[in-house]
Amino acid sequence: MHYHGPIVRPQTDADSIFVEVTVGCTHNNCTFCNFYDGYPFRVAPLSQVEADLQEAAANFPHAKKVWASGFIVNRV
Ligand code: SF4
């Protein structure tokens, strides 16, 4: 599995699979937040996502939830 930067994993998702699809925050400019400092926003390569899904399927076949891990802020 590939992970870069912080990940939020609630206790209720201790047994869930987290697959990184993005890193960082597209906004990254809120005064109070340093959560993604040092991790500029980027989309994970498709090859990485596919490899992580295959690894998860092989090693955690009974997982009930798979999360697309990351954070995207839409600007409107
Ligand atoms: S949008 Fe969220 S993650 Fe991004 S800088 Fe603001 S509080 Fe932090």
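On a predicted model such as this, the values are computed, not experimentally measured, just so you know.

(A) A look at the overall build of the protein chain. Each helix and strand in the protein chain was counted, giving one helix and four strands. Going from the N terminus to the C terminus, the protein chain shows its helices and strands as β-β-β-α-β. In terms of overall dimensions, the protein chain has a C-alpha envelope of 40 × 30 × 25 Å along the principal axes. The buried share among the 76 residues of the protein chain stands at 22%. A separation of at least 24 residues holds for 64% of the contacts in the protein chain among residues at least 6 apart in sequence. Accessible area of the protein chain: about 5,700 Å², with a carbon and sulfur share of 58%. Of the charged side chains in the protein chain, 5 are positive and 7 negative; the average position of the first set lies 6 Å away from that of the second.

(B) Main features of the pattern of salt bridges. Enumeration over the complete set of coordinates arrives at one salt bridge. Among the ionic pairs, K65 bridges to D13, the shortest N-O distance being 3.0 Å. Within this pair, whereas K65 is found in the loop between α1 (46–59) and β4 (66–69), its partner D13 is found in the segment before β1 (17–20), the two being separated by 52 residues in sequence. With relative accessibility at 39%, the residue K65 sits in the partly exposed group. A residue is classified by how much of its surface remains accessible, and D13, at 5% relative accessible area, is buried.

(C) Main features of the nonpolar core. Formed by I17, V19, A44, V49 and A56, the largest nonpolar core amounts to five residues. Every element with two or more residues in this core is listed here: β1 and α1. Residues in contact with V19, not counting those within four places in the same chain, are M1, V49, D52, L53, V66, W67, A68 and S69.

(D) Fine view of unusual backbone geometry. One non-glycine residue, N28, lies in positive phi territory at about 50°. By the secondary structure assignment, N28 is in the loop between β2 (22–23) and β3 (42–43). The exposure class of N28 is partly exposed, given its relative accessible area of 37%.

(E) Representation of the layout of surface pockets in the model. Its boundaries defined by the atoms lining it, the largest pocket holds a volume of some 290 Å³. Lining the largest pocket are 19 residues, with I7, V8, Y36, S69 and G70 sitting closest to its centre. With three residues, the single largest contributor to the lining of the largest pocket is β4.

(F) Representation of the packing of aromatic side chains within the structure. Throughout the structure, instances matching the rule amount to one aromatic pair. Geometrically, the ring pair formed by F35 and Y36 is edge-to-face, given 4.9 Å between the ring centres and 85° between the ring planes. Since its relative accessible area comes to 36%, F35 is described here as partly exposed.

About the thresholds
- Residues numbered from 1 in each chain as written.
- Predicted model: local features only at pLDDT ≥ 70, side-chain atom pairs only at ≥ 80, totals over all residues.
- Heavy atoms only, no water.
- Helix = DSSP H or I, 4+ residues; strand = E, 2+ residues; numbered from the N terminus.
- Buried < 20%, exposed > 50% of the residue type's maximum accessible area, 1.4 Å probe, protein only.
- Contact = heavy atoms within 4.5 Å.
- Areas by Shrake-Rupley, 256 points an atom, 1.4 Å probe, with all protein chains shown as cover.
- Lys, Arg positive; Asp, Glu negative; His and termini not counted.
- Charge placed at Lys NZ, Arg CZ, Asp CG, Glu CD.
- Salt bridge = Lys/Arg side-chain N within 4 Å of Asp/Glu carboxyl O.
- Core = buried A, V, L, I, M, F, W, Y, C linked by side-chain atoms within 4.5 Å.
- 1 Å grid on protein atoms, 1.4 Å probe; cavity = no way out; pocket = protein on both sides within 12 Å on 5 of 7 lines; lining within 4 Å.
- Points joined across faces, edges and corners; volume = space filled by probe spheres on them.
- Phe/Tyr/Trp six-rings, centres within 6.5 Å; stacked < 30°, edge-to-face > 60°.

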